[in-house]
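Results of the structural survey
Here are the chains, one letter per residue:
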Protein chains: 2
Amino acid sequence: MKKLIGRPGSVSGLALRLGQCGFAAAAIGVMVTSLGFSSFTAYCYLIASMGLQVLWSFGLACLDVYALTRKRDLQNPILVSLFVVGDWVTAILSLAAACSSAGIIVLYSRDLHYCNDQVHLPCSKYQTSIAFAFISWALSAISSHVMFWILLASI
Amino acid sequence: MKKLIGRPGSVSGLALRLGQCGFAAAAIGVMVTSLGFSSFTAYCYLIASMGLQVLWSFGLACLDVYALTRKRDLQNPILVSLFVVGDWVTAILSLAAACSSAGIIVLYSRDLHYCNDQVHLPCSKYQTSIAFAFISWALSAISSHVMFWILLASI
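The shown structure was predicted, so the numbers you read here are calculated from the model rather than taken from an experiment.

1. Thoughts on the overall build of chain A
The helix and strand inventory of chain A stands at 5 helices and 0 strands. Each helix (α) and strand (β) of chain A, taken in turn from the N terminus, gives the series α-α-α-α-α. If you take every contact in chain A between residues at least 6 apart in sequence, the share linking residues at least 24 apart comes to 80%. Accessible surface computed for chain A: about 7,000 Å², of which carbon and sulfur atoms make up 72%. Charged side chains of chain A number 9 positive and 5 negative; the gap between the two group centres comes to 16 Å.

2. Focus on the interface of chain B and chain A
Facing 24 residues of chain B, the contacting portion of chain A comprises 24 residues. The tally of links between chain B and chain A comes to 0 salt bridges. Looking at the side of chain B that touches chain A, the elements with two or more residues in it are helix H3 (77-111) and helix H5 (123-154) of chain B. In terms of residue count, H3 of chain B provides more of the side of chain B that touches chain A than any other element does, 13 residues in total. Here the side of chain B that touches chain A is composed, by residue class, of 17 nonpolar, 5 polar and 2 charged.

3. What to know about the relation of the copies chain B and chain A
Two copies of one chain are present, and they are related through a rotation about an axis combined with an axial shift. Aligned on chain A, chain B shows an RMSD of 0.0 Å; the corresponding rotation is 180 degrees and the shift along the axis is 0.0 Å. The operation mapping one copy onto its partner corresponds to a two-fold rotation axis. Considering only C-alpha atoms, the part of chain B nearest the rotation axis is Ser100 of chain B, at 2.0 Å. A shared binding surface is used by both copies, with 100% of the interface residues of chain B retained as interface residues in chain A.

4. Remarks on the packing of aromatic side chains
One pass over the structure, following the stated rule, counts 18 aromatic pairs over all chains. Note on Phe40 of chain A and Tyr126 of chain A: the rings are 5.9 Å apart at their centroids and 70 degrees apart in plane angle, and the pair reads as edge-to-face. One end of the pair, Phe40 of chain A, is in the loop between helix H1 (11-32) and helix H2 (41-70); the other, Tyr126 of chain A, is in helix H5 (residues 123-154), and 86 residues separate them in sequence. Ring geometry for Tyr43 of chain A versus Tyr126 of chain A: centroids 4.6 Å apart, planes at 40 degrees, classification tilted. Taken together, the residues Tyr43 of chain A in helix H2 and Tyr126 of chain A in helix H5 connect sequence positions 83 residues apart. In terms of burial, Tyr43 of chain A and Tyr126 of chain A fall into one category: buried. Taken together, Trp88, Phe148 and Trp149 of chain A together with Trp88, Phe148 and Trp149 of chain B form an aromatic cluster joined through their ring pairs.

5. Remarks on the packing of helix H2 (residues 41-70) of chain B against H3 of chain B
A pair of packed helices is characterised by two quantities: the angle between their axes and the separation of those axes. Residues and elements named next belong to chain B. Contact geometry for H2 and H3: axes closest at 9 Å, N-to-C directions at 150 degrees. Viewed along their axes, H2 and H3 adopt a mutual orientation that is roughly antiparallel. Along this stretch, H2 crosses H3, giving a crossing that reads as left-handed. The residue inventory of the contact of H2 with H3, partitioned by class, reads 17 nonpolar, 7 polar and 1 charged.

6. Brief notes about the packing of H3 of chain B against H5 of chain B
All names here are of chain B. The contact between H3 and H5 brings their axes to 7 Å, and the two run at 155 degrees. By the angle between their axes, H3 is roughly antiparallel relative to H5. In this structure, H3 crosses over H5, and the sense of that crossing is left-handed. When grouped by side-chain class, the residues that make up the contact of H3 with H5 number 22 nonpolar, 11 polar and 1 charged.

7. Quick look at the UniProt feature "transmembrane region" (unreviewed entry) in chain A
All names here are of chain A. Residues annotated by UniProt as "transmembrane region" (unreviewed entry) correspond here to residues 21-40, 46-66, 78-109 and 129-152. The span residues 46-66 shows a helical share of 100% and a strand share of 0%, and its end C-alpha atoms are spaced 30 Å apart. Split by type, residues 78-109 is 100% helix and 0% strand. Its first and last C-alpha atoms lie 46 Å apart.

8. Digging into unusual backbone geometry
With a phi angle near 55 degrees, His113 of chain A is a residue other than glycine that sits in the positive phi range. Topologically, His113 of chain A is positioned in the loop between helix H3 (77-111) and helix H4 (114-117).

9. Considering the state of the cysteines
Throughout this description, disulfide means a covalent bond between two cysteine sulfur atoms. Within this structure, the stated rule accounts for 2 disulfides over all chains. The disulfide bridge from Cys115 of chain A ends at Cys123 of chain A, spanning 2.0 Å between sulfur atoms. Its S-S torsion of about -80 degrees marks the bond between Cys115 of chain A and Cys123 of chain A as left-handed, since a negative value means left-handed. Of the cysteine sulfurs around Cys21 of chain B, a residue in no disulfide, the closest is that of Cys62 of chain B, at 8.6 Å. Overall, the relative accessible area of 12% leaves Cys21 of chain B in the buried class. Lacking any disulfide linkage, Cys44 of chain B is separated from the closest cysteine sulfur, that of Cys123 of chain B, by 16 Å.

Conventions used here
- Residues numbered from 1 in each chain as written.
- Chains lettered and ligands numbered in written order.
- Predicted model: local features only at pLDDT ≥ 70, side-chain atom pairs only at ≥ 80, totals over all residues.
- Heavy atoms only, no water.
- Helix = DSSP H or I, 4+ residues; strand = E, 2+ residues; numbered from the N terminus.
- Contact = heavy atoms within 4.5 Å.
- Areas by Shrake-Rupley, 256 points an atom, 1.4 Å probe, with all protein chains shown as cover.
- Lys, Arg positive; Asp, Glu negative; His and termini not counted.
- Charge placed at Lys NZ, Arg CZ, Asp CG, Glu CD.
- Salt bridge = Lys/Arg side-chain N within 4 Å of Asp/Glu carboxyl O.
- Nonpolar A, V, L, I, M, F, W, Y, C, P; charged D, E, K, R; others polar.
- Least-squares fit on C-alpha atoms with pLDDT ≥ 70 in both.
- Phe/Tyr/Trp six-rings, centres within 6.5 Å; stacked < 30°, edge-to-face > 60°.
- Buried < 20%, exposed > 50% of the residue type's maximum accessible area, 1.4 Å probe, protein only.
- Axes fitted to C-alpha atoms, helices over the stretch in contact; angles between N-to-C directions.
- Parallel < 35°, antiparallel > 145°, perpendicular 65-115°, else oblique.
- Left-handed = near helix turned anticlockwise from the far one by under 90°.
- UniProt positions renumbered as here; feature names shortened; annotations may be inferred.
- Disulfide = S-S within 2.5 Å.

Right under this line is the structure:
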């Protein structure tokens, strides 16, 4: 059970962390280059949440690289408990940010038709950023489940 | 490990299910009595998601009552796997619905100040409904963690 795909200190774990970090960074990049994002609290929250995701997953990716190059085992219960808590917090915050932003883009494009009527609104950039945030959340959710599984197996 | 609080077929499990069901029903009740909710996709999705939560948790509450009165044990791996999948799906859908609705109410009350300017908007009712949805999600998240824990312990 300890040889799960995505476990810390493995190549698949590193790929998962780099994926989370990359998509979160892409979500931030697309959002901050969109005109008028700062007038929406939800979009600012998306950037903050994705920023936390970038920091967390980049830190763990560095730890994975260290474990892979030095052939260290990262699967001790205290370290894994820390990963579980961090992963759950970042996954829940990412989902909350992506969903609250998605709620607004659906309101603007479907309910109020502002995206068609007000051409200056960069709706497609907002949508792209939110899509990246959802992908980052999905990868983060996979990580957090794998970590929880490893923690229970190691108790 | 199998004597966890909130496990299926226990009084605490029944209380958790009734809490989820009650708060989800309250969220639906408050939302459907709010003027103009149907023009927001996110609020309609909140009602659909809370409807699913009511059906799921009421079904499991009935199963808990049956197990308590007939003194049956519900903790076999197949049944618990079903509970885990159902709980995770309803918990994620509830969080997504609550967050997307919260994104809109924050936009209306903080960013656009519509709640102060447009007095006909029942913002406080929308907020109450969303708060109930968040409570229902929190209870559902507790349930899904307990179920996942029990499943892993029973494998």
